[in-house]
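# Coordinates in review
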Amino acid sequence: MLLITCPFCGPRNESEFVYGGPVKPPRPDPATRDDAEWTEWLTHVPNPVGPVEEQWWHARGCGTWLTIWRDTRSHDIVGAPHDGG
Amino acid sequence: MAGKRLAKGGRIDHDRPLRFTFNGRAYSGLAGDTLASALLANGLRLTARSFKYHRPRGIVGAGVEEPSALVELTGADAAGNLQATTVPLTDGLEARSVNCWPSPAFDLGAVAQLAGRFIPAGFYYKTFKWPNWQLYAPAIRRAAGLAAAPRTPPAEGRYEARYGHCDLLIAGAGPAGLMAAQVAARAGLRVMIVDEGTEPGGALLSRRLQIAGAPALQWVEEAVAELAALPDVIHLQQATVWACREHNYLMATERAPERPGLMERSWRIRAGHVITATGAMERAIPFGNNDRPGVMLASAVQSYVNRYAVLPGRRAVIFANNNSAYAVAADLLAAGGQVVAIIDSRADVPEAARALVPQLTVRAGHVVISAHGARALRGVRIAPLAGGPEETLACDLLAVSGGWNPAVHLWSQSRSTLRYDEALAAFLPDRPAQAFSAAGAAAGAFALEDALRSGAEVAARIANVAVPEIPDAQDLPYAIAPHWRVEAARGKAFLDLQNDVTVDDVHLALREGYSDVELVKRYTTAGMGIDQGKTGNVNVIGTVALARGLEPGAVGTTTFRAPWTPVSFGAIAGMRDGQLALPWRHTPVTQWNLDRGAVMYEAGARWRRPGYFPRPGETMQEAVDRECRAVRFGVGVYDGSPLGKFELKGRCVGRFLDFLYSNIMSSLTPGNGRYGLMLSDDGLIMDDGVCFRLDAGRWMISTSTGHAEAIHSHMEEQLQMRCPGWNVLITPVTSQWTNATICGPQARAVMEALGTDIDLSPEAFPFMSLRDGHVAGLPARVVRVSFTGELSFEVNVAPRHMRELWDRVMEAGADFGILPVGSEASHVLRVEKGFLSLGHEVDGTVDAHDLGMGWVMSRKKDDYLGKRAVAIRRAGSHGGAGRRELVGVLPEPDCPIPEGAPLTPGGRREATEGFVTACVWSVVQERWVGLALLENGHARQGETAYVRLKGGAVIPVRVSAPCHYDPDGQRLRS
Ligand SMILES: [Zn+2]
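Keep in mind that what you see is a predicted model, and the values were worked out from it rather than measured.

About the cut-offs
- Residues numbered from 1 in each chain as written.
- Chains lettered and ligands numbered in written order.
- Predicted model: local features only at pLDDT ≥ 70, side-chain atom pairs only at ≥ 80, totals over all residues.
- Heavy atoms only, no water.
- Helix = DSSP H or I, 4+ residues; strand = E, 2+ residues; numbered from the N terminus.
- Contact = heavy atoms within 4.5 Å.
- Areas by Shrake-Rupley, 256 points an atom, 1.4 Å probe, with all protein chains shown as cover.
- Lys, Arg positive; Asp, Glu negative; His and termini not counted.
- Charge placed at Lys NZ, Arg CZ, Asp CG, Glu CD.
- Buried < 20%, exposed > 50% of the residue type's maximum accessible area, 1.4 Å probe, protein only.
- Polar contact = N/O pair within 3.5 Å; in protein donor to acceptor, adjacent residues only side chain to side chain.
- Donors = N, O, S within 2.8 Å, 3.2 Å for Na, K, Ca; no water.
- Buried area = accessible area lost by both parts, 1.4 Å probe.
- Salt bridge = Lys/Arg side-chain N within 4 Å of Asp/Glu carboxyl O.
- Nonpolar A, V, L, I, M, F, W, Y, C, P; charged D, E, K, R; others polar.
- Phe/Tyr/Trp six-rings, centres within 6.5 Å; stacked < 30°, edge-to-face > 60°.
- Lys NZ or Arg CZ within 6 Å of the ring centre and 35° of its normal.
- Pairing = 2+ DSSP bridges.
- Axes fitted to C-alpha atoms, helices over the stretch in contact; angles between N-to-C directions.
- Domains from an automatic or database assignment.
- Core = buried A, V, L, I, M, F, W, Y, C linked by side-chain atoms within 4.5 Å.
- Parallel < 35°, antiparallel > 145°, perpendicular 65-115°, else oblique.
- Left-handed = near helix turned anticlockwise from the far one by under 90°.

### What to know about the overall build of chain A
- From N to C terminus, chain A includes 1 helix and 6 strands.
- Each helix and strand of chain A, placed in order from N terminus to C terminus, yields the pattern β-β-β-α-β-β-β.
- Expressed along its principal axes, the backbone C-alpha trace of chain A runs to roughly 40 × 25 × 20 Å.
- Sequence separation of at least 24 residues holds for 43% of the intrachain contacts in chain A that already meet a minimum separation of 6.
- For chain A, the exposed surface amounts to about 4,700 Å²; the carbon and sulfur share of it is 53%.
- Within chain A, the 12 negative side-chain charges are centred at a point lying 6 Å from the centre of the 7 positive side-chain charges.

### A word on the side chain of Asp 71 of chain A
Residues and elements named next belong to chain A.
- Looking at the secondary structure, you find Asp 71 in strand β5 (residues 65–71).
- What makes Asp 71 buried here is its relative accessible area of 8%.
- Within the structure, the side chain of Asp 71 is placed 2.8 Å from the side chain of Arg 73, a separation counted as a polar contact.
- In this structure, Asp 71 is in contact with Gly 50, Pro 51, Asp 76 and Val 78, ignoring residues within four places of it in sequence.

### Points about the coordination of the zinc ion
Residues and elements named next belong to chain A.
- The protein atoms that coordinate the zinc ion are Cys 6 (SG), Cys 9 (SG), His 58 (ND1) and Cys 62 (SG), at distances spanning 2.1 to 2.3 Å.
- Here the donor residues of the zinc ion are spaced in sequence according to C-x2-C-x48-H-x3-C.
- Since its relative accessible area comes to 37%, Cys 62 is described here as partly exposed.

### Brief notes about the interface of chain A and chain B
- Taken together, the contact pairs 26 residues of chain A with 25 residues of chain B.
- Buried surface at the junction of chain A and chain B, both sides included, amounts to about 2,300 Å², of which 50% is carbon and sulfur.
- Sorting the residues of chain A by area buried against chain B places Met 1, Arg 27 and Trp 65 of chain A first, and these three jointly supply 31% of that buried surface.
- Put simply, chain A and chain B have 4 salt bridges between them.
- In this structure, Asp 681 of chain B engages Arg 27 of chain A in a salt bridge whose closest nitrogen and oxygen atoms are separated by 2.6 Å.
- Inspection of the chain A/chain B interface yields 17 residue pairs in polar contact (both at pLDDT 80 or more).
- The leading source of residues in the side of chain A that touches chain B is helix α1 (residues 35–43) of chain A, at 5 residues.
- Class assignment for the residues of the side of chain A that touches chain B results in 11 nonpolar, 9 polar and 6 charged.

### A closer look at the packing of aromatic side chains
- Under the definition given, this model contains 16 aromatic pairs over all chains.
- Both rings, one in Tyr 514 of chain B and one in Tyr 523 of chain B, keep their centres 4.1 Å apart while their planes meet at 20°; by these two values the pair is stacked.
- We note Lys 24 of chain A situated over the ring of Trp 41 of chain A; from NZ or CZ to the ring centre the distance is 4.4 Å.
- Just above the ring of Phe 494 of chain B sits the side chain of Arg 57 of chain B; from NZ or CZ to the centre is 4.8 Å.

### Concerning the sheet that holds strand β26 (residues 397–401) of chain B
Residues and elements named next belong to chain B.
- With respect to topology, 5 strands assemble into an open sheet ordered β18-β26-β20-β21-β22, the strand pairing being parallel. For this open sheet the edge positions go to β18 (295–297) and β22 (362–364), each flanked by a neighbour on one side alone. For this sheet, the mean angle separating the axes of adjacent strands, direction not counted, is 20°.
- Helix α7 (residues 298–306) rests against β18 and β26 of the sheet, and its axis sits at about 85° to β18.

### Examining the domain arrangement of chain B
- Here chain B is described as being made up of domain 1 (4–113), domain 2 (156–280 + 403–492 + 550–582), domain 3 (590–642 + 736–828), domain 4 (644–732) and domain 5 (881–974).
- The C-alpha-based centres of domain 1 of chain B and domain 5 of chain B are spaced at 67 Å.

### Remarks on the nonpolar core
- Counting 59 residues, the largest nonpolar core has Phe 20, Leu 35 and Tyr 304 of chain B as its most contacted members.
- Within the second largest apolar cluster, 39 residues are counted, among which are Ile 170, Ile 211, Val 220 and Val 458 of chain B.

### Considerations on the packing of helix α12 (residues 503–511) of chain B against helix α14 (residues 537–548) of chain B
All names here are of chain B.
- Direction vectors running N to C along α12 and α14 enclose 50°, while the axes themselves pass 10 Å from each other. As summarised for this structure, α12 and α14 are arranged oblique, according to the angle between their axes. Note that α12 runs across α14; the crossing there is right-handed. Facing Val 503, Val 506, His 507 and Leu 510 of α12, the residues of α14 in contact are Val 540, Thr 543, Val 544, Ala 547 and Arg 548.
- Taken together, the residues of the contact of α12 with α14 break down into 6 nonpolar, 2 polar and 1 charged.

### Points about the pairing of strand β43 (residues 778–783) of chain B
All names here are of chain B.
- Counting buried positions over the 6 residues of β43 gives 5, a clear majority of the element.
- Judged from the 6 bridges that link them, strand β42 (residues 770–775) and β43 form a sheet pairing that is antiparallel. For Asp 772, the partnering residue across the bridge sits in β43 and is Arg 781.
- Hairpin connection from β42 to β43: 2 residues lie between these consecutive antiparallel strands, with Ala 776 at a positive phi of about 55°.

### Considering the packing of helix α5 (residues 175–186) of chain B against helix α6 (residues 216–229) of chain B
Residue and element names in this part refer to chain B.
- In contact at an axis separation of 10 Å, α5 and α6 are set at 35° when each is read in the N-to-C sense. The crossing of α5 and α6 is left-handed. Here Pro 175, Leu 178, Met 179, Ala 181, Gln 182, Ala 185 and Arg 186 of α5 come into contact with α6, specifically with Trp 219, Val 220, Ala 223, Val 224, Glu 226 and Leu 227.
- Residue composition of the contact of α5 with α6, grouped by class: 10 nonpolar, 1 polar and 2 charged.

### Here we look at the sheet that holds strand β41 (residues 738–743) of chain B
Residues and elements named next belong to chain B.
- Read from one edge of the open sheet, 6 strands run β42-β43-β44-β41-β35-β45, paired in mixed fashion. Looking at strand neighbours, the two that pair on one side only are β42 and β45 (819–820), the edges of this open sheet.
- Strand direction decides the pairing type here: strand β35 (residues 636–639) and β45, joined by 2 bridges, are parallel. The partner of Val 637 across the bridge, within β45, is Pro 820.

Now the structure itself:
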């Protein structure tokens, strides 16, 4: 049972959230990508051993979609890598 | 009769006898007894038969470590596979042994013992492998004879669950736990202290020690009283912390909460910090026939003598490799017991240990080779460790101490690491992975003063206060020379008594290549079962270490998993059983439906809807036909309330909907709507529904009943994560709008009879438009959509008006023969029309083109969710060749086809080329009609395809357009 910090509600139990998968790069403008690039963007989901940025929906709370960095080895919620975490 | 009750002493009430039965015979115990201590006090030795070999077994331990004395409770407290050592004795308790029939003394299964040497480790896996293990497992498990789960829930009482929050959770109220709780609570921390024993004190309850010059239990009493007076301390007894999950989330079960009618209470606790003050457990020493009733853990003997005032045997021998057993010998003597000798495998016994029992014979450098006696211990054979002459000592009790294992289970469940400590010959907590600390014996601080200091220091560090003065506490320092097994052992030397795993089994596993300790565990089953190998696991590691020439630390431990002790399912569920676990969602006319004898279905998302309304003597098919005819030829009404509904508001809604739907919604004018598909970005159909514009900035959309939450999540995700700054507000209004959908050629007449201020003419109120007004005097939003193919008015009102609306519709419709329509008829009507149903025709592979709905895929929009993916997929399949496409099917000869039946080329036994998604009796065609997904189906209309049923029967079907009725849609537009 992870403890996830919602920016509006504070730390809340995982059971209040719906998992939304790892964060992918921003959706590109389809006009600027060929088929292979688009397929790559569409189907390549980050799945690292270690910190991964994830989306969670605070469905049984305020309704915010938020992101966290979770270490897949430990379930620890960690700082974003560029924050020096 | 070996054991006996002492005249005084212990933590029991000598003046309060309790009656109980064991294997059908009546006995008497005392208040404060466990079932095990009462059995020993009655002189019972043989209490169970073992799992695999049906060997006679007695009581070995005194608590949760007990491997062998398993019982089943019957009567009001029925429960299976309990340890006799953890069952508090109550008046009228009825218990019986497991694994033996008809009684442990005369056990028919004991013939298995004769075949014992033919049942080595892995025997079952090797023997019962064809065609598969699952075929044999039930019979083998029955023969093994562990108790079955009670067939019915307890007649009285209930469970509950609650959350707990604290700065510090302490597992264990022994000396270290209580000391830590005192320090932390005095510093102002919110503390929970949770202990699984019937009373606090931990190991102190079983020992005769002093703290600050007074009996240790007096210190315990004072500490508990001080904690009870503090406002932010929760102290639970008979409560086990049995699991640690992520981020210091712990599960605990209170087995005897003080509330009438409450059997157990489950706690889910989020703790800022956790201290495991869970103590340590003694391990056995493997030697020949070390499972004979009368061979016990030395600490258990001490517990029975001091805590329960029971002498478990008349003539005791003690076999040890460490100091702790010397205190046991001293306590046995003090209680009037006889101790023949202490057999110590160490050549050099520390003087401090000998000084505890100067009058006793100590056979240093000796070991017990084997135990004698069949159903009860009669003597032991001893020999010098280095080899030499053997001798026999007569005894009826052997107290064994192979050393101490800190209870690191909870610590390890938190993924915190362990290290092997040479000096203590034990695995100790090493590096914490969460906010965890260990204290007392659980951290290897075995002597009392060390345990107290460890508790104080750990708590002081967490609370950020100075370490207080530690009270004086004399205890013998711990010292051990590990002895993993007796080399010269004769007879089976058991490592795991519960699963009948011997030293030989471990050696066999190693010979067969299962060298990793996790594989040894799985191959031999050592450490599985109710006790999870609490007494034997480290001996298995030691045995592997000896055989492989490694240090125990290099062998490592198996993974510690929850639960630490068995947990009842009832406690986990709490009050969430039946309706509370998965509540139904009802509309305001549910009761009306039930009153009319509706057969209720789940309509998705836990909504209860009527399936059909059978009349007396009517079959389901007859009822469904009647309801369908009403809609096709007269008028029907259904409750469409469960459909998902959302209102979207804001300047950017049109643009947002154009991104979500495959067709264009932004061009709708107020009052008008459109059917649309929502795709995921990988081009799969997520949902279908209608979208209406209410005014310039407000829109209303519907989703299928079962997808409402998923579509809500999807829309919010797209809005918040992909469209930041867009002015859109999404409000779910499924429960704010309920509706009666009046459908059929007479629908307009019924609407007129109801009375409305809305102009109902097709010119003023055409198909796919929406009008706000009043119906039957109630404020209503009327929508002209149709899921049946007939003229329909969906009359939406607030839930508080729904029941009145429904009654008025039935009254107004009576002259027209209106009938309520269930979901079975709705299904028939939509199949006749070739309308989609998600989950039937849409299965995660088809796209809009396959469904003949290419028109819904906008070519004008540059981009929308799924557009690019569908284009790429269709380009990759050469414009869609070979795809399964939606068609109608007409069985020839006319007969029903089971939903999901495969279509194969020519009906031959070949790979399928599609399947029938639905098949219904059509009241307008008066024949069976169906829908199917068929390879290249669009081009095959007019041809014959073939359904191939299981068993080989073939049904030819004529391929047609999906719509079997009114293909131009004149009726629904009328
Ligand atoms: Zn929130």
